Amino acid sequence: MWVSRSGWPGVLGLWRYHLQRPSFARTWSGYKGPMAETLSTQVGTTGGLKALHQQNGDAGGDAMVGPPPEPLKPAGQEVEPAPVGGEHASTAAQGPGKRKKRRGATGERVVPPPKKRRTGVSFGDEHFAETSYYFEGGLRKVQPYYFDFRTYCKGRWVGHSLLHVFSTEFRAQPLAYYEAAIRAGRLHLNEEPVQDLNIVLKDNDFLRNTVHRHEPPVTAEPIRLLAENEDVVVVDKPSSIPVHPCGRFRHNTVIFILGKEHQLKELHPLHRLDRLTSGVLMFAKTAAVSERIHEQVRDRQLEKEYVCRVEGEFPTEEVTCKEPILVVSYKVGVCRVDPQGKPCETVFQRLSYNGHSSVVQCRPLTGRTHQIRVHLQFLGHPILNDPIYNSAAWGPSRGRGGHIPKTDEELLRDLVAEHQAKQSLDVLDLCEGDLSPGLTDSAAPSSELGKDNLEELAAAAQKMEEVVEAVPQDLDTIALAPEKAIETDVMNQETDPLCAECRLVRQDPLPQDLVMFLHALRYKGPGFEYFSPMPAWAQDDWQED
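Where an unreviewed UniProt entry is consulted, the protein chain appears under the name Pseudouridylate synthase RPUSD2, with the organism given as Sapajus apella. As its UniProt record puts it under Sequence similarities (unreviewed entry), the protein chain is described as follows: "Belongs to the pseudouridine synthase RluA family." Listed in UniProt under the heading Catalytic activity (unreviewed entry), the comment for the protein chain reads: "a uridine in mRNA = a pseudouridine in mRNA".

Quick look at the structure:
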């Protein structure tokens, strides 16, 4: 460390000291202010900051910034696997393009430096090729497939064992499952197979967990292109399809369907629609267009118009609702009117009434989560088939006037219990593994297996993976004898011995059960206006089943 004549450490000496700390280095490398430029010039001449950028695999300064990503990020989105190999660069450099070799002490595990995190990375052909679609009973389905969840070690995991992390943060599976996954070669640390769950995690450790993934079905209704030019793509989104990968959905999303079936890639969503909402959905083709339109959204230059069918006879006059909305649970995706909520405003106008339900035009002037649905519930006219806000879980009045005779915890528990009984947890963007003790009192049977069963299945999984390696890649086009059927199943990724989902029998939803009567009808902004056709359920001659 450099010391000034007064005895205090010099400025550059302090920076040299701090830049040797990995967590500080990652944060500082993302700072673009003038002070950073000055110090980068001064310290870089002696190899300090320059070597740090090289260590992080970055020639331009965009090293991984801030805390590690959320647990187990899907492969191909933001995180790249850490490099595999022997020696790795230290923070010091001996000259341009040269780095010292660092060796750990005897028996010490050396952690590779993180690779550059590519911001704004989109999905490409390698992701689209993970699996394929098939259509059955009016539903779009995804063939089960193997998938790598990836993440760098989070700060709170450092110094803890994998056993501790899995037992406290990844409780969807019993510890016996992870032990079986190790024996089957499914868990990797810094691209090396994990041998022991007691291994202690270090900063920058890179974890990869291979799982057998199943996705819920969505409607087979196609995504229609409404408009396309050099700036935007506009589609008519069917109900039940999420916009982008989330939860259990990856290939059954608008982003993946457009990429796989329309060769439309690297799109930037300009606004969001709930999974159950249909209608106009806009994407920008470039980041510049995306920023320009988002600025228009922030300046309230965008007009949105929706149409819905609600319970009862809605008033004939225009109705404006300005009730603030509070998020009850981000995990479950439930909101309600509350004085402590965020301000919002929606304007409603009845279009028709058939003696039982009304078609209503909705113009949200703000963009809160579930705003239209929550305001209609508050007004006593929830959307006719809204699986959340027209549920008996809200009490006898179903939330009218904000009257909810139960605590938030009781409300969430009752909503989860209702959809768990209907096998429709996907409506809440949940799966069985997401259910903590506070969310359910259900005595539904667990899909977890005992340790003895998992040990047998781990051996079977390892054997199946060896079969995959031995099977030629073109066997899916060859007629196989019955004794080779297991090899076909392995190659097609349809079944997996360790997968709990493979052992469950789920009843498919009916296509009509995937439709909610809320539709984005029109989006208008400076220089553009896009319409979607009025859905069948909003027509005057529509009859309820």
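Let's pick the thread back up.
> Can you walk me through the overall build of the protein chain in this structure?
Within the protein chain, the regular secondary structure consists of 13 helices and 22 strands. Per-residue burial for the protein chain yields a buried fraction of 46% across its 545 residues. In the protein chain, of all internal contacts separated by at least 6 residues, the share reaching a separation of at least 24 is 67%. Only carbon and sulfur atoms are counted for the fraction: they give 51% of the accessible area of the protein chain, which is about 27400 Å².

> Can you help me understand the UniProt feature "active site" (unreviewed entry) in the protein chain in this one?
Using the residue numbers shown here, the UniProt feature "active site" (unreviewed entry) corresponds to Asp274. Following the sequence through the fold, aspartate 274 ends up in the loop between β13 (268-269) and β14 (278-284). For aspartate 274, a relative accessible area of 12% corresponds to the buried category. In contact with aspartate 274, other than residues within four places in its own chain, are Lys237, His370 and Arg373.

> Whenever I open this one, the nonpolar core confuses me. Can you help?
In a soluble, globular protein the nonpolar side chains are often hidden away together inside. One finds Met282, Phe283, Val334 and Phe348 to be the most contacted residues of the largest nonpolar core, which totals 94 residues. No fewer than three residues from each of domain 1 (145-213) and domain 2 (303-431 + 508-519) sit in this core. Ignoring anything within four residues of it in the chain, the contact list for valine 334 reads Val327, Val328, Ser329, Ile388, Tyr389, Trp394, Leu412 and Leu415.

> Help me understand the side chain of aspartate 496, please; the structure alone is not making it clear to me.
For aspartate 496, the location among the structural elements is in the loop between α13 (485-492) and β21 (518-525). A distance of 2.6 Å separates the side chain of aspartate 496 from the side chain of arginine 186, its partner in a polar contact.

> I would appreciate a short explanation of the environment of tyrosine 145 in the present structure.
Structurally, the position occupied by tyrosine 145 is in strand β6 (residues 145-152). Given the relative accessible area of 0%, tyrosine 145 is considered buried. Sequence-wise, tyrosine 145 and glutamate 130 are 15 residues apart; in three dimensions their C-alpha atoms are separated by 6.9 Å. One polar contact links tyrosine 145 to glutamate 215, side chain to side chain, over a distance of 2.6 Å.

> Hey, could you run me through the pairing of strand β19 (residues 346-353) in this one?
Remark: a regular strand shows side chains that alternate across the two faces of the sheet. Inspection of the sheet shows strand β16 (residues 319-321) paired to β19 by three bridges, in the antiparallel sense. Paired with valine 319 across the bridge in β19 is phenylalanine 348. Examined bridge by bridge, β19 and strand β20 (residues 357-364) share seven bridges and lie antiparallel to one another. Bridging across to β20, valine 347 finds its partner in arginine 363. A loop of three residues connects β19 with β20, the two strands running antiparallel in sequence, and glycine 355 in this loop sits at a positive phi of about 95 degrees.

> Sorry, what's going on with the packing of aromatic side chains here?
How two aromatic rings sit relative to each other is given by the distance of their centres and the angle of their planes. By the definition in use, this model includes 15 aromatic pairs. The interplanar angle of 85 degrees and the centroid separation of 6.3 Å between the aromatic rings of tyrosine 145 and phenylalanine 147 together place this pair among those described as edge-to-face. Across the pair, phenylalanine 147 and tyrosine 145 agree in class, each one buried. On the basis of an interplanar angle of 10 degrees and a centroid distance of 4.0 Å, the ring pair of phenylalanine 166 and tyrosine 178 is categorised as stacked. A residue pair is termed long-range when its members are at least 10 positions apart, and phenylalanine 166 in helix α6 (residues 162-169) and tyrosine 178 in helix α7 (residues 175-183) qualify at 12 residues. On the accessibility criterion, phenylalanine 166 (8% relative accessible area) is buried. A relative accessible area of 5% places tyrosine 178 in the buried class. Of the aromatic side chains, those joined through ring pairs into one cluster are Trp157, Phe166, Phe170, Tyr177 and Tyr178. The ring of phenylalanine 147 carries the charged tip of arginine 213 above its face, separated from the ring centre by 4.6 Å. When the ring centre of tyrosine 133 is taken as reference, the NZ or CZ atom of lysine 260 above it lies at 4.9 Å.

> So what exactly am I meant to see when it comes to the pattern of salt bridges here?
When the charged atoms of two side chains with opposite charge come close together, those side chains can pair. For the structure shown, the criterion picks out 27 salt bridges. A salt bridge links aspartate 274 to arginine 373; the nearest nitrogen and oxygen atoms lie 3.3 Å apart. Within this pair, whereas aspartate 274 is found in the loop between β13 and β14, its partner arginine 373 is found in helix α10 (residues 371-378), the two being separated by 99 residues in sequence. In this pair, the class of aspartate 274 matches that of arginine 373, namely buried. One continuous salt-bridge network, built from bridges that share partners, spans Asp148, Arg150, Glu191 and Arg208.

> Help me out: how do you make sense of the pairing of strand β12 (residues 232-237) in this one?
Across the six residues that make up β12, a large majority, six, are buried. Of the pairings in the sheet, the one linking β12 to β14 comprises six bridges and is antiparallel in character. Paired with valine 234 across the bridge in β14 is methionine 282.

Thresholds, definitions, all that
- Sequence positions are assigned chain by chain, starting from 1 and proceeding in written order.
- The predicted nature of this model means local features are confined to residues of pLDDT at least 70 and side-chain atom pairs, given and counted, to a pLDDT of 80 or more, with totals for whole chains, interfaces and linings taken over all residues.
- Each side-chain value is derived from all of the structure's non-hydrogen atoms; neither hydrogens nor water enter the calculation.
- UniProt positions are given in the numbering used here, feature names are shortened, and annotations may be inferred rather than shown by experiment.
- A helix here means a DSSP run of H or I that spans at least four residues, while a strand means a run of E at least two residues long, and both kinds are numbered starting from the N terminus.
- Any residue under 20% of the maximum accessible area for its type is buried, any over 50% is exposed, and the rest in between are partly exposed; the area is computed with a 1.4 Å probe on protein chains only.
- Between two residues, a contact is recorded if the distance between any of their heavy atoms is within 4.5 Å.
- A 1.4 Å probe and the Shrake-Rupley method give the accessible areas. Residues count as covered only by the protein chains that appear here.
- Definition of nonpolar core: a set of buried residues of the types Ala, Val, Leu, Ile, Met, Phe, Trp, Tyr and Cys, connected through side-chain atoms within 4.5 Å.
- Segmentation of the chain into domains, including their bounds, is taken from an automatic or database domain assignment.
- The definition of a polar contact used here is a pair of N or O atoms within 3.5 Å, where within protein one atom must be able to donate a hydrogen and the other to accept one, and adjacent residues in sequence count solely through side-chain atom pairs.
- For two strands to count as paired, DSSP must find a minimum of two bridges between them.
- Aromatic pairs are defined between Phe, Tyr and Trp rings, using the six-membered ring for Trp, whenever the two ring centres lie within 6.5 Å; interplanar angles under 30 degrees are classed as stacked, those over 60 as edge-to-face, and all others as tilted.
- Two conditions define a charge located above a ring, namely a distance within 6 Å from the ring centre to NZ of Lys or CZ of Arg, and an angle within 35 degrees of the ring normal.
- By definition here, a salt bridge exists when the distance from a side-chain nitrogen of Lys or Arg to a carboxyl oxygen of Asp or Glu is within 4 Å.

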